[in-house]
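# Working through the structure, step by step
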Amino acid sequence: MTIQWFPGHMAKARREITEKLKLIDVVFELVDARVPLASRNPMIDEITAGKPRLLLLNKADMADPEVTRLWVEYFQGKGLPVLVLNSKTGQGINKIEAAAKELVKEKFDKMKAKGIIKPRAVRALILGIPNVGKSTLINRMAGKNIAVTGDKPGVTKKQQWIKVGSSLELLDTPGILWPKFEDQSIGLKLAVTGAIKETLLDFSEIVLFALNYYKDHYPERLQERYNLEEIPEEAIQLFDAIGKKRGCLMSGGLIDYEKTAEIVLRDIRAEKLGRLSYERPVQV
Ligand SMILES: Nc1nc2c(ncn2[C@@H]2O[C@H](COP(=O)(O)OP(=O)(O)OP(=O)(O)O)[C@@H](O)[C@H]2O)c(=O)[nH]1
Ligand SMILES: [Mg+2]
């Protein structure tokens, strides 16, 4: 399966972002803490045209905390300011304003010295793939539900400015992907974490991908959740074993993969397997 999704509204959203750039002081790049590389838009440098950037690892409550810690070190090592967030509860968001001010300080100081601007709010553009939590973060920061949110990709359709106190203004944008994934695993990672519309997905392939990863990195979670005595060598055998345990059988005793995949994907989304990350800074 090749997951491909770049509908017209994303191309439009990208154009509209480019049009607003001259108003923007700083970019908040929101990524999914479970897949911090796969969820970074490779066109980001081009889109943001050298604006200062703050990387926000959101949904950290769903990610493996140990792996998130490695990612923070990784990005810091690359000189990219990074914060870890749970936008649902607001954990970590109190550090954003100070980090943003630090990033624009030089520009603001210069403008002040030249008498170009009166003191004004810092304007931040929130950029990220669909469903990563951009609107949720904005609502949390603003302390009220102004932006529409939802647990599926493609909820925000239009840009919207939202004020956070008197010192910050945030521009919410529709989530955007890019026209072609460099390799198939990126599409699968984005599918399993919910950035791609379910109707476009082949559940079995996504679950097979996820099981393969858990088999290597979280075998004990699988054993516990599905009462498995041992973890088979091959992901497909694992699929079989889970199907059998969950009674997903068709006539003739064959495993109903579609049904098994639905159950596993539901478990993943409901966090029944615990906090999981799908990529690590150093692949081992
Ligand atoms: N567990 C958890 N869920 C989150 C977090 N942030 C957002 N969510 C959930 O993720 C889903 C998507 O949130 P939105 O804020 O609508 O995402 P978005 O990035 O604005 O999505 P689009 O507008 O479609 O691009 C919602 O169900 C949120 O409740 C988080 O930090 N942790
Ligand atoms: Mg949104």
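Given the structure is predicted, the values throughout are model-derived calculations rather than measurements.

What follows concerns the packing of aromatic side chains. The description of two aromatic rings rests on the distance between their centres and on the angle between their planes. Considering all chains together, one arrives at 8 aromatic pairs under this definition. Note on Phe239 and Tyr257: the rings are 5.0 Å apart at their centroids and 75° apart in plane angle, and the pair reads as edge-to-face. In this pair, Phe239 sits in helix α9 (residues 235-245) while Tyr257 sits in helix α10 (residues 257-269), placing the two residues 18 residues apart along the sequence. Members of the aromatic cluster, connected to one another through ring pairs, are Tyr213, Tyr214, Tyr218 and Tyr278.

Attention now goes to unusual backbone geometry. Notably, Lys59 is not glycine yet its phi reads approximately 60°, a positive angle. The topology assignment puts Lys59 in the loop between β2 (53-58) and α3 (65-77). Residue classification places Lys59 among the buried residues on the basis of a relative accessible area of 18%. Phi is positive for Glu271, close to 60°, though the residue is something other than glycine.

Take the environment of Leu254 next. Following the sequence through the fold, Leu254 ends up in the loop between α9 and α10. Along the sequence, Leu254 and Gly243 sit 11 residues apart, while their C-alpha atoms lie 9.4 Å from each other. Not counting chain neighbours up to four residues away, the residues in contact with Leu254 comprise Cys248 and Leu249.

Turning next to the coordination of the magnesium ion (ligand 2). Every protein donor of the magnesium ion (ligand 2) is listed here as Ser135 (OG) and Thr156 (OG1), and their distances to the metal cover 1.9 to 2.2 Å. Of this pair, Ser135 sits in helix α5 (residues 134-142) while Thr156 sits in the loop between α5 and β5 (160-164), and the two are 21 residues apart along the sequence. Thr156 shares its class with Ser135; the two are buried.

Examined at the domain level, the chain breaks down into domain 1 (7-172) and domain 2 (202-271). The C-alpha-based centres of domain 1 and domain 2 are spaced at 36 Å.

With respect to the secondary-structure elements, Val264 resides in helix α10. Along the primary structure Val264 and Phe203 are separated by 61 residues, whereas in three dimensions their C-alpha atoms are 9.4 Å apart. In contact with Val264, other than residues within four places in its own chain, are Val207, Leu211, Tyr226 and Ile242.

Let us now look at the site of ligand 1. In the region of ligand 1, 23 residues are neighbours, and Asp61, Lys134, Thr136, Gly154 and Thr156 sit closest. At a separation of 3.0 Å, an oxygen atom of ligand 1 approaches a polar backbone atom of Asn131. Take Val155: an N or O atom from its main chain is 2.8 Å from an oxygen atom of ligand 1. Considered on its own, ligand 1 offers 660 Å² of accessible surface; in the complex 93% of this is hidden by protein. Broken down by element, the shell around ligand 1 gets its largest block of residues, 3 residues, from α5. Partitioning the shell around ligand 1 into residue classes produces 5 nonpolar, 12 polar and 6 charged.

Phe28, Ile96, Leu190 and Tyr214 are the most contacted members of the largest nonpolar core, which totals 88 residues. Each of domain 1 (7-172) and domain 2 (202-271) contributes no fewer than three residues to this core. Dropping the residues within four chain positions of it, Phe28 is found in contact with Leu54, Leu56, Ile96, Ala100, Ala124, Leu125, Ile126, Leu127 and Leu170.

Attention shifts here to α5. The buried fraction of α5 is high, at 7 of 9 residues. Every buried residue belonging to α5 is among Lys134, Ser135, Leu137, Ile138, Asn139, Met141 and Ala142, and all of these are buried. In this structure, the buried residues of α5 make contact with β1 (26-32), β2, α4 (96-113), β4 (122-128), β5 and β6 (168-172).

Quick look at the sheet that holds strand β3 (residues 82-84) now. The sheet built from 6 strands is open, its strands ordered β3-β2-β1-β4-β6-β5 with mixed pairing. The outermost strands of the open sheet, each flanked by one partner alone, are β3 and β5. Taking each pair of neighbouring strands and ignoring which way they run, the sheet shows an average axis angle of 25°.

Turning our eyes to something else, we now look at the pattern of salt bridges. Overall, the coordinates contain 16 salt bridges when judged by the stated rule. Residue Asp25 pairs with Lys107 through a salt bridge whose shortest N-O separation is 2.7 Å. Note that Asp25 is positioned in the loop between α1 (8-20) and β1 and Lys107 in helix α4, a separation of 82 residues in sequence. Close ionic contact of Arg34 with Asp32 constitutes a salt bridge, the shortest N to O distance being 2.8 Å. Through salt bridges that share partners, Glu29, Arg40, Asp45 and Arg53 make up one connected network.

The side chains of a regular strand alternate between the sheet's two faces. Of all 5 residues that make up β6, 4 are buried, and the element is covered over most of its length. Bridge count between β4 and β6: 4 bridges; the pairing is parallel. What sits directly across from Arg123, in β6, is Glu169. The pairing of β5 with β6 spans 5 bridges and is classified as antiparallel. Bridging across to β6, Lys163 finds its partner in Glu169.

So, how was this worked out
Throughout this description, residue numbers start from 1 for each chain and increase along the sequence as written. Whichever chain is written first becomes A and whichever ligand is written first becomes 1, with later ones labelled in order. Totals for whole chains, interfaces and linings use every residue, but because this is a predicted model, local features are given only for residues with pLDDT of at least 70 and side-chain atom pairs only at 80 or more, for both listing and counting. Here the side-chain values reflect all heavy atoms present in the structure, with hydrogen atoms and water set aside. Whether two aromatic rings pair depends on their centres lying within 6.5 Å, for rings of Phe, Tyr and Trp, where Trp uses its six-membered ring; planes under 30 degrees apart make the pair stacked, over 60 edge-to-face, and the rest tilted. Secondary structure elements follow DSSP: runs of H or I no shorter than four residues count as helices, runs of E no shorter than two count as strands, and numbering proceeds from the N terminus. Only protein chains enter the accessibility calculation, which uses a 1.4 Å probe; a residue whose area is less than 20% of its type maximum is buried, one above 50% is exposed, and one in between is partly exposed. Throughout, a residue-residue contact means that at least one pair of heavy atoms, one from each residue, lies within 4.5 Å. Metal coordination here is assigned from N, O and S atoms located within 2.8 Å of the ion, or within 3.2 Å for Na, K and Ca; omission of water means that sites may look incomplete. Source of the domain bounds: an automatic or database domain assignment. Each residue is tested against the molecule or strand, and it is near if at least one of its non-hydrogen atoms lies within 4 Å. As used in this structure description, the phrase polar contact means that two N or O atoms lie within 3.5 Å; if the pair is within protein, one of them must be able to donate a hydrogen and the other to accept it, and residues adjacent in sequence are counted only when both atoms belong to side chains. Per-residue and other accessible areas were derived by the Shrake-Rupley procedure at a 1.4 Å probe size, with only the shown protein chains allowed to occlude residues. Residues are grouped as follows: Ala, Val, Leu, Ile, Met, Phe, Trp, Tyr, Cys and Pro are nonpolar; Asp, Glu, Lys and Arg are charged; all remaining types, including Gly, are polar. Within this scheme, the nonpolar core is defined by two criteria: the residues are buried Ala, Val, Leu, Ile, Met, Phe, Trp, Tyr or Cys, and they are joined through side-chain atoms within 4.5 Å. DSSP bridges decide pairing: two strands pair if at least two such bridges lie between them. Here an axis means a line fitted to C-alpha atoms, over the contact stretch when the element is a helix, while the angle between two N-to-C directions is reported on a 0 to 180 degree scale. Definition used for salt bridges: Asp or Glu carboxyl oxygen within 4 Å of a side-chain nitrogen of Lys or Arg.

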